[in-house]
Amino acid sequence: MPEAGSRSLAWCYVLAGVVATIVAGGLIALGEAFQVAGAKPLAETSIAILLFMFFPEKNVASWTVKRVAALFSIGLCLALFWVFAFAWGRTKFPDLPEGSELAIAVGLISSIVTAPIFEEKVVRHLLLRGGAALSNHWISAFLVSLVFALVHKDAILWSFLVSLVLCWLALEKGIGTLQRALVHSVINALVMTWYFSGGFGFFT
């Protein structure tokens, strides 16, 4: 995290987050234009690796069995909250066309693996930490969560609430990017399972 008073470093964090988002979007659009299978997870992975190299995290919580179990439980509880508060009885389940196995596999890899890592690194490491050094923790948390929610326009309120929880984990508990990505992955995995299983089989 940028040290207090280090405004130039804080702006560097913010700029890196913005540039990474723009570059990722451009690479994904380019890959899709040329029909490159897996363009999204490839772009997310390559940029995330560079960000981890140039912007390593310090003083993050250690990996322990207890902490992993707690993070998994947080993701599970948030996902189940989404099911009962937002999705139950309101979901339009997709009709999966034949021959879509590759597209489904790519979508799952992105949703469950690469997107959580990329988004946690950009949003709740670079942008959150940079913004916190420029203003204060919770103004930064509110702003990055608002932007995160607006990007996820099909679930604005839900995305905002989840982002606030992840910001709290980052700012107050010292939970690192990969650890937050675990929570994010669990949420996305259960949401995807909900959609592809007809609401866990309740609406098939």
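See the structure printed just above.
The following paragraphs examine the structure supplied in this document. This is a predicted model, so every value here is computed, not measured.

## Considerations on the side chain of Ser-110
Looking at the secondary structure, you find Ser-110 in helix α4 (residues 101-134). Classification of Ser-110 by relative accessible area gives buried; the value is 4%. Of the polar contacts made by the side chain of Ser-110, one reaches the side chain of Lys-40; its length is 2.9 Å.

## Some details on the nonpolar core
By size, the foremost hydrophobic cluster in this structure holds 20 residues, and its most contacted members are Ile-47, Leu-51, Phe-55, Val-122, Leu-126, Leu-128 and Val-144. When residues of this core are traced back to their parent elements, those giving at least two are α1 (7-33), α2 (39-54), α4, α5 (137-151) and α6 (156-173). Sequence-distant contacts of Leu-51, that is, excluding residues within four places in its chain, are made with Ala-20, Pro-56, Lys-121, Val-122 and Leu-126.

## Let's talk about the packing of α1 against α4
Angle between the axes and distance between the axes are the two parameters that describe a pair of packed helices. At a minimum axis distance of 8 Å, the contact between α1 and α4 shows a crossing angle of 150 degrees. When the axis of α1 is compared with that of α4, the two are roughly antiparallel. Crossing hand, α1 versus α4: left-handed. Side by side, α1 and α4 meet where Arg-7, Ala-10, Trp-11, Tyr-13, Val-14, Ala-16, Gly-17, Val-18, Ala-20, Thr-21 and Ala-24 of the first sit next to Phe-118, Val-122, His-125, Leu-126, Leu-127, Arg-129, Gly-130, Gly-131, Ala-133 and Leu-134 of the second. Of the residues contributing to the contact of α1 with α4, the split by class is 14 nonpolar, five polar and two charged.

## A short note on the packing of α5 against α6
Close contact between α5 and α6 brings their axes to 8 Å; oriented N to C, the two are set at 145 degrees. The two elements α5 and α6 cross, and the hand of that crossing is right-handed. Note on element contacts: α6 touches α5 through Ile-156, Ser-159, Phe-160, Ser-163, Leu-164, Cys-167, Trp-168, Leu-171 and Glu-172, opposite His-137, Trp-138, Ala-141, Phe-142, Val-144, Ser-145, Leu-146, Phe-148, Ala-149 and Leu-150.

## Some details on the packing of aromatic side chains
Counted under the stated rule, the structure contains 15 aromatic pairs. Between Phe-86 and Trp-158, the ring centres sit 5.9 Å apart and the planes meet at 55 degrees, which makes this aromatic pair tilted. Of the two residues, Phe-86 sits in helix α3 (residues 65-87) while Trp-158 sits in helix α6, which places them 72 residues apart along the sequence. Taken together through their ring pairs, the aromatic side chains of Trp-82, Phe-84, Trp-88, Phe-93, Trp-194, Tyr-195, Phe-200, Phe-202 and Phe-203 make up a single cluster. Sitting over the face of the ring of Phe-52, Lys-121 holds its NZ or CZ atom 4.5 Å from the ring centroid. The ring of Phe-148 has Arg-124 sitting right over it, with the charged end atom 4.3 Å from the ring centre.

## Points about unusual backbone geometry
The backbone phi angle of Asn-59 is positive, close to 60 degrees, even though this residue is not glycine. The residue Asn-59 is located in the loop between α2 and α3 in this model. Its relative accessible area of 79% is what places Asn-59 among the exposed residues. A positive phi is found at Phe-200, a non-glycine position, where the angle reads about 60 degrees.

Reading the values: the criteria
- Residues numbered from 1 in each chain as written.
- Predicted model: local features only at pLDDT ≥ 70, side-chain atom pairs only at ≥ 80, totals over all residues.
- Heavy atoms only, no water.
- Helix = DSSP H or I, 4+ residues; strand = E, 2+ residues; numbered from the N terminus.
- Buried < 20%, exposed > 50% of the residue type's maximum accessible area, 1.4 Å probe, protein only.
- Polar contact = N/O pair within 3.5 Å; in protein donor to acceptor, adjacent residues only side chain to side chain.
- Core = buried A, V, L, I, M, F, W, Y, C linked by side-chain atoms within 4.5 Å.
- Contact = heavy atoms within 4.5 Å.
- Axes fitted to C-alpha atoms, helices over the stretch in contact; angles between N-to-C directions.
- Parallel < 35°, antiparallel > 145°, perpendicular 65-115°, else oblique.
- Left-handed = near helix turned anticlockwise from the far one by under 90°.
- Nonpolar A, V, L, I, M, F, W, Y, C, P; charged D, E, K, R; others polar.
- Phe/Tyr/Trp six-rings, centres within 6.5 Å; stacked < 30°, edge-to-face > 60°.
- Lys NZ or Arg CZ within 6 Å of the ring centre and 35° of its normal.

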